[in-house]
Every structure is written in C-alpha cells, then in structure tokens.
Amino acid sequence: MPSDYAHFNRTLRHLGDAVRAKVIARDDVLAYAQDVTNRYLEGTMQARALGKKYGYSGDFEIIEAIYTVQIAQEPHLRRWDLYFHSQAAPNAVRNRKAYFHQLLHSHSAGQTKAPLSVLNLASGPARDVRDVREWVLDNPDREVFFDCVDAEIHAIERARKLCAPFAKRVEFYHRNVLRFLPAKGYELVWSAGLFDYLTDRTFVYLLKALMAVTKRGGEVVVGNFSEHNPSRDYMELLGDWVLQHRTQDHLRELALEAGAAADSIEVMWEPEGVNLFLHIRR
Ligand SMILES: C[S@@+](CC[C@H](N)C(=O)[O-])C[C@H]1O[C@@H](n2cnc3c(N)ncnc32)[C@H](O)[C@@H]1O
C-alpha cells in the first residue's frame, strides 16, 4: 500500500548499503529477488523488468509499459505495479517526453519556416515522436521530420505502428547507432535511454559522431541518469538493471573530450532531477 512505500524504500536502501559494504553479495540478493519474482509476481512490471525478454534491461516493451503506466489486473499484483510506477526512475522516464516536446518547441521558435530535421537515436517505441501529434497541431506552420534509429527490429516494428498517423514525417532505420547514422544534417539530435548504458569511451565516440551530423545553430541533446537516483537500489538489486549514472560535471567533461566548446555545453534535468540532459550547441 502507498503507506508502506517509505518503509520499503528505506529497507531497500539498507540492503544497498549492505551490498556496498560487502556484507551481502549482490548476486545473492538478485537470486532471492529472482526467486520471489518467479513465484509470486508473474506478469508484473517487476517480473517483466527482471525477465529481460530481449536479453537486456530497458528494452522497448518495458519502456513502453512505463510510458503507458501498465498495471496488472489482479489486486495483489496491481499493488506491486502501482509501487513500481510510483518510483522516481519511471517518473523520470515519463518526463522525457515533455522534455523532448519542449525542445522541439524551442527549436521551432525562430523566424525560419524551413522544415525541422530531428534525429532520434535508440528511439525504442518512439513514444516521444508519436505523442508529438499535439505539438504538430499547435505548430502547423513548422514542418518537422524525424529519423529514428534503433538496433532492435521489434522496437522498429512497434514504433512504426505507433507512428503510422505520421508515416510521412518519420523514417525508421534498423541499425546499430555505433556503426551507422543517416548521412544528413539535423537541427536537433536527441537520444534518451542510450548513453547511460555506454562506457565513457563509447560515450565520447558516439557524441563526436552526433556532433558531426548536427547543423550549425543546431543542438545535440543526450539523456543520462544522474547519480541522484533514489530508485537505483531497486533497479540494481531487484531488477538487475544497471546503468552508468553520471554527474553534471562528468557529462561536461565527456562533452569537452568529444570536442565541444566549453561555452556550448549545458546540463539540464527533468522535474524529477533523475534524468540529466547534456546539451551541446553547434
Ligand atoms: C531504454 S530504451 C530508450 C527508448 C527511447 N529512447 C525512450 O527514451 O523512450 C533503449 C533503446 O535503445 C536501443 N539500443 C540499444 N543499443 C543500441 C544501439 N547500439 N544502436 C541502436 N539502438 C540501440 C534498444 O533497442 C532500445 O530500444
């Protein structure tokens, strides 16, 4: 029940501290979580996250289930899902969409009426693009075109279906972004939920490539979970969902390493303060 959440969160924090102090092995906690989840929580968000249907954490299905706040019907499972969705990390994921829409807004605010080209990397279910419908209706004068790239064919298929009302405005590429980027120039390059899976080295390599496909006056914006993630112990210990959490300073350093000018870099965040966004102006 919601009245239990604070107590449960504190317990998870103690468990995390015990793992960090090496009093308990992380693998033992995970084995326990797996056992309890298999036995009692089938079909919940917890089970789906831990199940890694496509072989890794954060696939398009789980991300879509977070965006659409999917909740099991059975009363006892329902409570687990309500708890899952109440946490800071799923809120931060849902907040990405409004953040993206705000970006589109600011990029279309100028005098020019030229079409706006947007690259969306690791687009997953492309909910951010699909739900842009209202923005498009509010901004009929400014045409916007999206290129979406994702390495998971099922994500591409799902996103294509979701974006069908926008078929003329969205192009999908089933590719690994580390090996391929569309050879075009973009006003806005956006990637959420990808860079926090990358090592620093790969982060810098990909960021360089993104800066190279961004037009003069355009912007690269990449999301990365912050070290202030109250859901981290839940994610790592009960969900085996491990991210590269980074600080604002760390993101700034990586941007400098990728060749960004110091005065072109800014780090912002969504209202939960969990998902940071590194902005680089070109
Ligand atoms: C956590 S989801 C983020 C989805 C979406 N950007 C969002 O915020 O809702 C991560 C996505 O990255 C994709 N992905 C992971 N590594 C990739 C790579 N090297 N190239 C392209 N896509 C990748 C996965 O298939 C998955 O759809």
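Residues numbered from 1 in each chain as written. Predicted model: local features only at pLDDT ≥ 70, side-chain atom pairs only at ≥ 80, totals over all residues. Heavy atoms only, no water.

Draft legend 1. Up close: the overall build of the protein chain. If you tally the helices and strands in the protein chain, you get twelve helices and seven strands. Whereas a compact globule of 282 residues would reach a radius of gyration of roughly 19 Å, the protein chain reaches 19 Å, a difference of no more than 12%. Along the three orthogonal principal directions, the C-alpha set of the protein chain runs to about 55 × 40 × 35 Å. Sorting the 282 residues of the protein chain into buried and exposed places 50% on the buried side. When the accessible surface of the protein chain is totalled, it reaches about 14100 Å², and 51% of it is carbon and sulfur. Charged side chains in the protein chain number 36 positive and 37 negative. The centres of these two groups are separated by 4 Å. (Helix = DSSP H or I, 4+ residues; strand = E, 2+ residues; numbered from the N terminus. Rg over C-alpha atoms; globule rule 2.2 N^0.38 Å. Buried < 20%, exposed > 50% of the residue type's maximum accessible area, 1.4 Å probe, protein only. Areas by Shrake-Rupley, 256 points an atom, 1.4 Å probe, with all protein chains shown as cover. Lys, Arg positive; Asp, Glu negative; His and termini not counted. Charge placed at Lys NZ, Arg CZ, Asp CG, Glu CD.)

Draft legend 2. Representation of the environment of Ser 86 in the model. Within the fold, Ser 86 resides in helix α5 (residues 75-86). Counting along the chain gives 61 residues from Ser 86 to Asp 147, while the straight-line C-alpha distance between them is 32 Å. In this view, Ser 86 contacts Tyr 5 and Asn 91; residues no more than four positions away in its chain are not counted. (Contact = heavy atoms within 4.5 Å.)

Draft legend 3. Spatial organisation of the site of the ligand. Among the 17 residues in the neighbourhood of the ligand, the closest are listed as Tyr 67, Arg 96, Ala 122, Asp 150 and Ala 192. At 2.6 Å, a side-chain N or O of Asp 150 approaches an oxygen atom of the ligand. For the ligand, whose accessible area on its own is 600 Å², the fraction buried by protein is 90%. A class-by-class count of the residues in the shell around the ligand yields eight nonpolar, five polar and four charged. (Near = heavy atom within 4 Å. Polar contact = N/O pair within 3.5 Å; in protein donor to acceptor, adjacent residues only side chain to side chain. Nonpolar A, V, L, I, M, F, W, Y, C, P; charged D, E, K, R; others polar.)

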